[in-house]
Amino acid sequence: MAKGSFNIGDEVAITATVCRRVTKDRISVSIPSYGFPHSIIDKTSTVKKGQPMELVGDVTHVDGEWLTVNLGVPVTVNMDTLRLVTAYQPPVRKAPLVDKPT
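Let me sum up the structure you'll find in this document. These numbers were taken from a predicted model, which means no experiment stands behind them.

1. Some details on the side chain of Asp10
Item 1. Topologically, Asp10 is positioned in the segment before strand E1 (11–23).
Item 2. No salt bridge is formed by the buried Asp10; its nearest oppositely charged neighbour, Arg83, is found at 12 Å.
Item 3. A polar contact is formed between the side chain of Asp10 and the backbone nitrogen of Asn7, at a distance of 2.8 Å.
Item 4. Look past the residues within four positions of Asp10 in its chain and what remains in contact with it is Ser5, Gly57, Asp58, Val59, Leu84, Thr86, Ala87 and Tyr88.

2. With respect to the environment of Arg20
Item 1. By the secondary structure assignment, Arg20 is in strand E1.
Item 2. Residue classification places Arg20 among the exposed residues on the basis of a relative accessible area of 53%.
Item 3. Spatially, the C-alpha atoms of Arg20 and Ser30 are 9.7 Å apart, while their sequence positions differ by 10 residues.
Item 4. With residues up to four places along the chain from it excluded, the contact list for Arg20 reads Ile27 and Ser28.

3. Overview of the pattern of salt bridges
Item 1. Applying the stated criterion across every chain yields a total of 2 salt bridges.
Item 2. Here Arg21 ties to Asp42 by a salt bridge, and the two come within 3.6 Å at their closest N and O atoms. With Arg21 in strand E1 and Asp42 in the loop between strand E3 (38–41) and strand E4 (52–63), this pair connects stretches of sequence that are 21 residues apart.
Item 3. For Arg21, a relative accessible area of 34% gives the class partly exposed.
Item 4. Here Glu54 and Arg83 are joined by a salt bridge, their closest N and O atoms 2.7 Å apart. Here Arg83 lies in strand E7 (residues 82–86) and Glu54 lies in strand E4, a separation of 29 residues in the sequence.
Item 5. Judged by relative accessible area, Glu54 falls into the partly exposed class, the value being 44%.

4. Examining the nonpolar core
Item 1. In terms of nonpolar packing, the biggest core is built from 21 residues, with Val29, Ile31, Met53, Leu55, Val77 and Leu82 touching the most fellow members.
Item 2. Counting residues per element, the ones that place at least two in this core are E1, strand E2 (26–30), E4, strand E5 (66–70) and strand E6 (74–78).
Item 3. Among the elements that make up this core, the one with the highest residue count is E1 (4 residues).
Item 4. If we skip the residues at most four places from it in the chain, Leu55 touches Val12, Ala13, Ile14, Ala16, Val29, Ile31, Ile40 and Leu71.

Parameters at a glance
- Residues numbered from 1 in each chain as written.
- Predicted model: local features only at pLDDT ≥ 70, side-chain atom pairs only at ≥ 80, totals over all residues.
- Heavy atoms only, no water.
- Helix = DSSP H or I, 4+ residues; strand = E, 2+ residues; numbered from the N terminus.
- Buried < 20%, exposed > 50% of the residue type's maximum accessible area, 1.4 Å probe, protein only.
- Lys, Arg positive; Asp, Glu negative; His and termini not counted.
- Salt bridge = Lys/Arg side-chain N within 4 Å of Asp/Glu carboxyl O.
- Polar contact = N/O pair within 3.5 Å; in protein donor to acceptor, adjacent residues only side chain to side chain.
- Contact = heavy atoms within 4.5 Å.
- Core = buried A, V, L, I, M, F, W, Y, C linked by side-chain atoms within 4.5 Å.

Next comes the structure, spelled out in structure tokens:
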């Protein structure tokens, strides 16, 4: 993606790699360009170690080439590791803010 192509409110996807199953309902994943361990709830699937998994969240902060994505907790990653799912569309106002003069 080109620089500046993500805005606050955009829905983005990150491809993470499954590291291991921590408990019966939680797995540990490795997120590219994020230097901390991250675990997610996964009760239903039978994922294997090394399997790619897509995590979807909203952009909450943009700082140059680094973006903060809300995946339940804020995760700051490089913009090259993200894929745009849907761009943010502001709500459309149906009625004007000011009443018509009488």
